[in-house]
Amino acid sequence: RVGGVRSLAWVPEERALMLSTERSGLLRWHSGSVPTRCAEVAPLALAAGPEGLVGADQVHARIARFSASGERGAVLAASFRGEGLAEALSLAIHASGALCIVDRSGQLLSLSPSGELRAVPLEHRVHCVEVHGERLVLAVEGEGLLLEGDLDATGVATGSVRPLCSLEAPVLALAGA
């Protein structure tokens, strides 16, 4: 039994689900088996993209690549305006490798494929983000409001958003949006 799941990511080439958990660390699960531990300390937020797993590394307060065995790899972003990125709430990766990050304050950050990290101006604080093709889906913090946002040709969030739908309760996760 796995408890305290904070984030998950599907790794298609391994046909495995990676689970970031509070108590058990980073786990790998294959259908029909028991989850196996990959690392004692799991990233707070986790996403899978064209170049593998990316996570919010709590130990070093940065966004980094992770192997499917849980080993930290290349650092993608170490800080934004002097603040570490370990407590990212949500990560989403575009097919280009561009990364969207929701930081602990509910701000949306965008990391371009060339490595430029910038804040995306939004009227709302957001709780989580997913990339769906060439669009973003954002959940507004504390509300049952989903927003749809635009990406530029390189997969970077533009800040142009519009209401997608309203729900009766706040959305806490958007996996598989």
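The model shown is predicted, which means the values in this text are computed figures rather than measured ones.

> How do you make sense of the overall build of the chain when you look at a structure like this?
When helices and strands are tallied, the chain shows 0 helices and 18 strands. Taken over the C-alpha trace, the chain has a radius of gyration of 15 Å; the compact-globule value for 177 residues is 16 Å, and the two agree within 12%. Taken along the three principal axes of its C-alpha coordinates, the chain extends 40 × 35 × 30 Å. Within the chain, the proportion of its 177 residues that are buried is 44%. Long-range pairs, those at least 24 residues apart, make up 36% of the contacts in the chain between residues at least 6 apart in sequence. Accessible area for the chain stands at about 8,900 Å²; split by element, carbon and sulfur atoms hold 49% of it. The average position of the 15 basic charges and that of the 20 acidic charges among the side chains of the chain differ by 6 Å.

> Any chance you could explain the pattern of salt bridges here in plain terms?
Opposite charge on two side chains makes pairing possible when the charged atoms of those side chains draw close. A complete count under the given rule lists 11 salt bridges for this structure. Of the charged contacts in the structure, one is a salt bridge between D150 and R162, with a shortest N-O distance of 2.7 Å. In this pair, D150 sits in strand β17 (residues 145–151) while R162 sits in strand β18 (residues 157–166), placing the two residues 12 residues apart along the sequence. Taking the relative accessible area as the measure of exposure, D150 reaches 19% and is therefore buried. The structure contains a network of salt bridges with shared partners spanning R135, E148, D150 and R162.

> Before we go on, may I ask you to explain unusual backbone geometry in this structure?
Note: most residues except glycine have negative phi, and most peptide bonds are trans. Look at R15: it is not a glycine, yet its phi comes out positive at around 50°. Look at R81: it is not a glycine, yet its phi comes out positive at around 50°. Secondary-structure assignment places R81 in the loop between β9 (79–80) and β10 (83–84).

> Where do I start with the sheet that holds strand β4 (residues 36–39) in this structure?
Pairing between the strands of a sheet is mediated by backbone hydrogen bonds and can be parallel or antiparallel. Strand order in the open sheet formed by 4 strands is β1-β2-β3-β4, and the pairing between neighbours is antiparallel. Strand pairing shows two members of the sheet lacking a second neighbour, β1 (5–11) and β4, which therefore form its edges. With direction set aside, neighbouring strand axes in the sheet form an average angle of 30°. Inspection of the sheet shows β1 paired to strand β2 (residues 16–21) by 6 bridges, in the antiparallel sense. Opposite L8, over in β2, you have L19 as the bridge partner.

> For this particular structure, what's the right way to read the state of the cysteines?
Should the sulfur atoms of two cysteines be covalently bonded, the bond is a disulfide. Taken as a whole, this structure holds 0 disulfides when the rule is applied. Not engaged in a disulfide, the cysteine C128 finds its nearest cysteine sulfur in C165; these two sulfurs lie 12 Å apart.

> How should the environment of V75 be read in this particular structure?
Along the chain, V75 turns up in strand β8 (residues 72–77). In this structure the C-alpha to C-alpha distance between V75 and G55, which are 20 residues apart in sequence, comes to 9.9 Å. Leave out the neighbours within four places in its chain, and V75 touches R62, I63 and A64.

Basis of the calculations
Residues numbered from 1 in each chain as written. Predicted model: local features only at pLDDT ≥ 70, side-chain atom pairs only at ≥ 80, totals over all residues. Heavy atoms only, no water. Helix = DSSP H or I, 4+ residues; strand = E, 2+ residues; numbered from the N terminus. Rg over C-alpha atoms; globule rule 2.2 N^0.38 Å. Buried < 20%, exposed > 50% of the residue type's maximum accessible area, 1.4 Å probe, protein only. Contact = heavy atoms within 4.5 Å. Areas by Shrake-Rupley, 256 points an atom, 1.4 Å probe, with all protein chains shown as cover. Lys, Arg positive; Asp, Glu negative; His and termini not counted. Charge placed at Lys NZ, Arg CZ, Asp CG, Glu CD. Salt bridge = Lys/Arg side-chain N within 4 Å of Asp/Glu carboxyl O. Pairing = 2+ DSSP bridges. Axes fitted to C-alpha atoms, helices over the stretch in contact; angles between N-to-C directions. Disulfide = S-S within 2.5 Å.

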